[in-house]
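These are the residues of each chain, in order.
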2 protein chains.
Amino acid sequence: MAWNTNVLVGQSGGPTAAINASLAGVFDTARDLGAHVLGMRYGIEGFLAGRIVHLDRTLGDPMDVELLRRTPASFLGSCRFKLPQPDEDPAFYENAFKKFADARVGAVFYIGGNDSMDTIDKLSRWGNAHNSPIRFIGIPKTIDNDLVGTDHTPGYGSAAKYIATSMREIARDSSVYDLKSVTFVEIMGRDAGWLTGSACLAGTQGNPCPDLVLLPEVTLDQEALLNRLALLLDRKNTIVVAVSEGVRHRDGTLLCEAAAEAADGTRLDAFGHVASLSGTGRYLASVTRAALGCKTRAIELSTLQRCASHVASATDLAEAYSLGGAGVIEAHNGNTGMMSSIRRIFDKPYLYDTVMTPIEDVANKERKVPREFISVDGMNVTALFERYARPLIEGEVSPTYLGGVPHHITPLDGDRA
Amino acid sequence: MAWNTNVLVGQSGGPTAAINASLAGVFDTARDLGAHVLGMRYGIEGFLAGRIVHLDRTLGDPMDVELLRRTPASFLGSCRFKLPQPDEDPAFYENAFKKFADARVGAVFYIGGNDSMDTIDKLSRWGNAHNSPIRFIGIPKTIDNDLVGTDHTPGYGSAAKYIATSMREIARDSSVYDLKSVTFVEIMGRDAGWLTGSACLAGTQGNPCPDLVLLPEVTLDQEALLNRLALLLDRKNTIVVAVSEGVRHRDGTLLCEAAAEAADGTRLDAFGHVASLSGTGRYLASVTRAALGCKTRAIELSTLQRCASHVASATDLAEAYSLGGAGVIEAHNGNTGMMSSIRRIFDKPYLYDTVMTPIEDVANKERKVPREFISVDGMNVTALFERYARPLIEGEVSPTYLGGVPHHITPLDGDRA
C-alpha cells in the first residue's frame, strides 16, 4: 500500500562529498514507497521562512539523482540554526508544527551533524509530548566523524580518502630536491582528530607517511616536537607532518591564535577582524624554520577536503545512500526520534549493517579519538587507527566527466555550478 | 640495427604530474631502440657529483613503468642549477663531457622548463663547437606553460584539470549558506597567468565560474576590483575569484608582499625570515572583508596543483610520454640541440603532432598570456582562452588504487612513498 504522505528532507551544517548521496537515498526510498518529497531550502531556517523545493519535479529524471550522488556540498542549501528549548519557547514549536501540517508532512528527515541531531531530538520530543503523528529521523553527516551512536559518519570516508591521496602526493612533491625540509599539512577538525589521523592512510607497508600526526586531543609540547623533528632530519631529507587546525599550546590557546598574535601583537588581523581558524601550519613552519634552519612549507587543505567528490570513497557514498534509505523505512514503520547508524561487524573484509540509535543518545555528545588510537608519545596514530579508518576509504566512484571536469547536478535557483 | 649506446636522462625544476610520463617515454623508446638508460639522480648537479641510476634495473618490470606514468613529482629527483657560460668557465664543460664519456653516453635528455632548456642549449653548443658525437635534446615540462616554441607544455594540462575540478568543487562548497561571501582561490604562476586562467574551465554553459580571474599580466586596480565585487554581490550570494600568486599593485609590489607588510610593518615574517610567495588570496580576502563587510575566505591550491596525479589529464600524460619518445627518435636520427614540441593542428576535435624546435629559439624566453585571451576589463579570460585550454584537460587516467589510495612507484633510495 502506497505511503500517501509528503515527506520533508533538509540538510544542515557544513558541506561534505556524501551529504547529497544521503539526500538521494531519502528521495529514492520515499518515492519508492509512494510518498511525495519536499526539500527544505537552507535547512529548517529556510523551511520556516516558507522556502520549499518540490523534489519530485527537481529530480524528475533518473540522471538527476545519479548526478546528485556525485555532487558535493549541500544541494538543498544549509543553515546553522539551533532550535530553542521547547519549554522556553513553545510558540516556536507550535509554529513549526503548524507549518509541517500545512505542508501535509508525515515525516521529517534531517541530514547533518551534532546540531542537526539536536534539532531532530527537540522536534521528536515535542511531537511525542503533543501526540503528533509526524515522524522525525536524523541522518548522520559530518566529515569530523565526531557523532556518537554510529561507528562513523558519512562524509568522513570521502574526506579521509582525499586527505590520504593528497598527503601522499604532497610527500612525493616535497622530496624532489636534495635538501632538508619539513612540510606541515593543516587539516580540519577543531576538537576531534579523526580527519587529521586519516592522513596515516597515505602510508604504505614499510614506508609510513606522514612522519608525525598532531591531533587536537593532545596538547602540543613544542620543545619535544622540535627535538623530534631534528632527530628525524638527521635520518632523512624530507619530513611531512599532519597537523589539526585545533592543536593547542599548554596554556590552552590555539596555535593559530598564537600565529596571529606573533604577526601583529593581537588576535586580530591587519584590518581589525578576528583571525580565522587557520594558520596552525604556518605557525609551526615559522617556528621550525627559526629553530632548525631548514626549508619549511605550510599547506592548508582548507575546504577542498570536505567537497572533493572527484575522489570520493565508494564505501562512503554507498553508506550515505543506505542510511538515508534506512531512515525512511524506519519512519514508514511508524518510528520516530531515531538516527540511522552504522554498526561495524568486521574490519577486513569490511562488513556492516544499518541500525537505529535513539536520538537522545546522540544529540550534543562528541566522540574524540580514543587513547589507544594515539601513539604513546602523542605524535602519531597507531595501527588500530589505520585498521579502523582504512575500509572507509576503499572503493572508487567514477565521476561523470564533461569537458574534462566532473559534472554536477544543476544548482537550485540558478546558483553557481 | 640496435642503438648500441648509453643514453642519459634527467629531470629538473619543479615537480609536475606529467614529468614521469616523459621519463617513461624516453625509457621505453630508448630501450626499444636497443640503448641502455642511465638516470641522473637530482638532475645535472647530481650527475656531475657521480649520482647515476641504472634504469634498466630500476624499471625492469613493465608494471614499474606503468606506475611511473601515474606517479607525480620527479622520480629521479630534481635540482635548480644554472650552467655557467661556456666562454667563462670552459673547465666546467670539459669536466662534464669527460663524465659523459666515462659513462659511455651517446645522448642526453633533459626534462624540464626554462632553465633546463638553457642547460641543453649550452651543452649542445659546446658539443657542436668541440665536434662531440653526443646528442642533446630537451623535453619540455612545466605547469606554468610559459615555454615558447611549443603550443603548450606537458604538466600544464594536468595542473589545469586539477584547478578546474577544485574550483568547481570550491564554488559549490561556498554556496551552501544563504549569505553573501567572496572566496579567493590563489593559484601558482608568478609571471604568467596560464594556470590561473585555466580556472575558467570550471564554468559550464550559462554558468561561468569563477566570477573573476586576476592574472599577473594585469596590474591590479584595487578600487575597480572592490567596485566590481560590490556589483556582483548585489546580483548573487556567492562570488569566487581566481587570483594568481603573482598579481602586483600599480607600484610593482606583489600583493603578497603587501600582505606581509600589513601584518607586521615589514616584508619579513614574525621570525625575521622573508615571507614566502603566498598570501595574495589572504590579502584580498582581508581587504574585501574590510571594504564590503561580507564573509570572505582565502584558499591556496599550493603544491597540490602540481602533483595531483590522481586527477591527471589523459591528454597531458599521453603527450608527455610522446614528447619523451620523440626526443629519443630525434637523437637516434643524429640530431642535437632540439626541443620536442607540440604543434596544434585543430582545437575541436583536438589534433596535434610532435615537431622539433631549435633549442636556441626556446631557452631563456618566456611566453605570457596574450592580450586577446584576457577580457577588456582585465578581470577575466576570454572564450579564446577556454578554446585553447579545454582540450588539454580532456580525458581521464585511472590511478592504480591500493588500500583506497593511488599507488605510486617505489621511491629511489628508500625516500618516502
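Residues numbered from 1 in each chain as written. Chains lettered and ligands numbered in written order. Predicted model: local features only at pLDDT ≥ 70, side-chain atom pairs only at ≥ 80, totals over all residues. Heavy atoms only, no water.

Novice: Explain the sheet that holds strand 3 (residues 52–54) of chain A to me, and be specific about the residues and the numbers.
Specialist: Backbone hydrogen bonds are what pair the strands of a sheet, in a parallel or an antiparallel way. Residues and elements named next belong to chain A. The mixed open sheet is built from seven strands, whose spatial order is 3-2-1-4-5-10-11. Strands at the two margins of the open sheet, each flanked by one partner only, are strand 3 and strand 11 (351–358). The average undirected angle you get between the axes of adjacent strands in this sheet is 30 degrees. Note that strand 4 (residues 105–112) and strand 5 (residues 135–140) share six bridges and pair parallel. Paired with Ile-111 across the bridge in strand 5 is Ile-139. (Pairing = 2+ DSSP bridges. Helix = DSSP H or I, 4+ residues; strand = E, 2+ residues; numbered from the N terminus. Axes fitted to C-alpha atoms, helices over the stretch in contact; angles between N-to-C directions.)

Novice: Can you lay out the nonpolar core for me, pointing to particular residues and giving the numbers?
Specialist: With 142 residues, the main nonpolar core has Leu55(A), Phe109(A), Leu55(B) and Phe109(B) as its most contacted residues. Those residues within four positions of Phe109(B) in sequence are excluded, and the remaining contacts are Trp3(B), Val7(B), Leu8(B), Val9(B), Gly10(B), Val26(B), Ile137(B), Gly327(B), Val328(B) and Ala331(B). (Core = buried A, V, L, I, M, F, W, Y, C linked by side-chain atoms within 4.5 Å. Buried < 20%, exposed > 50% of the residue type's maximum accessible area, 1.4 Å probe, protein only. Contact = heavy atoms within 4.5 Å.)

Novice: Would you mind going over a nonpolar patch on the surface in detail, with residue names and values included?
Specialist: On the surface, Ile345(A), Phe346(A) and Leu351(A) cluster together into a nonpolar patch covering about 280 Å² of accessible area. Considering the arrangement of structural elements, one finds Phe346(A) in strand 10 (residues 338–346). (Patch = residues over 30% accessible without salt bridge, like charges linked within 9 Å, V, L, I, M, F, W, Y side chains within 5 Å. Areas by Shrake-Rupley, 256 points an atom, 1.4 Å probe, with all protein chains shown as cover. Salt bridge = Lys/Arg side-chain N within 4 Å of Asp/Glu carboxyl O.)

Novice: Outline unusual backbone geometry, listing residues and values.
Specialist: The omega torsion across Lys348(A) and Pro349(A) is 10 degrees, close enough to zero to call that bond cis. Looking at the element boundaries, Pro349(A) is found in the loop between strand 10 and strand 11. The phi dihedral of Arg104(A) falls on the positive side, at around 55 degrees, and the residue is not glycine. By the secondary structure assignment, Arg104(A) is in the loop between helix 5 (90–102) and strand 4. For Tyr42(B), which is not glycine, the phi dihedral falls at a positive 60 degrees. You can see Tyr42(B) is positioned in the loop between strand 2 (36–40) and helix 2 (43–48). On the basis of relative accessibility, which here comes to 5%, the residue Tyr42(B) falls in the buried class.

Novice: Can you explain the sheet that holds strand 8 (residues 238–244) of chain A? Please cite residues and give values.
Specialist: All names here are of chain A. The parallel open sheet is built from four strands, whose spatial order is 7-8-6-9. Every interior strand has two partners, whereas the edge strands, strand 7 (212–214) and strand 9 (295–300), have only one. Averaged over all pairs of adjacent strands, the angle between strand axes in this sheet comes to 20 degrees, irrespective of strand direction. For strand 7 and strand 8, the ladder comprises three bridges, and the chain directions are parallel. Across the sheet, the residue bridging to Val-213 is Ala-242, located in strand 8.

Novice: I'd like a description of the pairing of strand 2 (residues 36–40) of chain A, backed by residues and values.
Specialist: Residues and elements named next belong to chain A. The buried count for strand 2 comes to four of five residues, which makes it a mostly enclosed element. Bridge count between strand 1 (residues 6–11) and strand 2: four bridges; the pairing is parallel. Note that in strand 2 the partner of Val-7 across the bridge is Val-37. The parallel pair strand 1 and strand 2 is bridged by helix 1 (residues 19–33), and the resulting crossover is right-handed. Summarising the sheet, strand 2 and strand 3 pair through three bridges and their orientation is antiparallel. The residue of strand 3 that forms the bridge with Gly-39 is Val-53. (Right-handed = clockwise from strand over helix to strand, strands pointing away.)

Novice: Account for the environment of Trp3(B), naming residues and giving values.
Specialist: Residue and element names in this part refer to chain B. Among the structural elements, Trp-3 can be located in the segment before strand 1 (6–11). For the pair Trp-3 and Val-176, spaced 173 residues apart in sequence, the C-alpha to C-alpha distance is 61 Å. Excluding anything up to four places from it in sequence, Trp-3 contacts Leu-33, Gly-34, Ala-35, Ala-107, Phe-109, Val-328, Ala-331 and His-332.

Novice: Would you mind going over the interface of chain B and chain A in detail, with residue names and values included?
Specialist: Taken together, the contacts link 82 residues of chain B with 82 residues of chain A. Together chain B and chain A conceal approximately 6,700 Å² of surface at their shared face, both sides included; 54% is due to carbon and sulfur atoms. Summed over the shared surface of chain B and chain A, the result is four salt bridges. Inspection of the chain B/chain A interface yields 24 residue pairs in polar contact (both at pLDDT 80 or more). Within the residue set of the side of chain B that touches chain A, elements represented by two or more residues are helix 7 (156–174), strand 8 (238–244), helix 10 (255–264), helix 11 (280–292), strand 9 (295–300), helix 12 (304–307) and strand 13 (405–406) of chain B. Sorting elements by how many residues they give to the side of chain B that touches chain A places helix 7 of chain B first, with eleven residues. Within the side of chain B that touches chain A, the residues separate by chemical class into 36 nonpolar, 24 polar and 22 charged. (Buried area = accessible area lost by both parts, 1.4 Å probe. Polar contact = N/O pair within 3.5 Å; in protein donor to acceptor, adjacent residues only side chain to side chain. Nonpolar A, V, L, I, M, F, W, Y, C, P; charged D, E, K, R; others polar.)

Interpretation in functional terms is not warranted from these geometric data alone.
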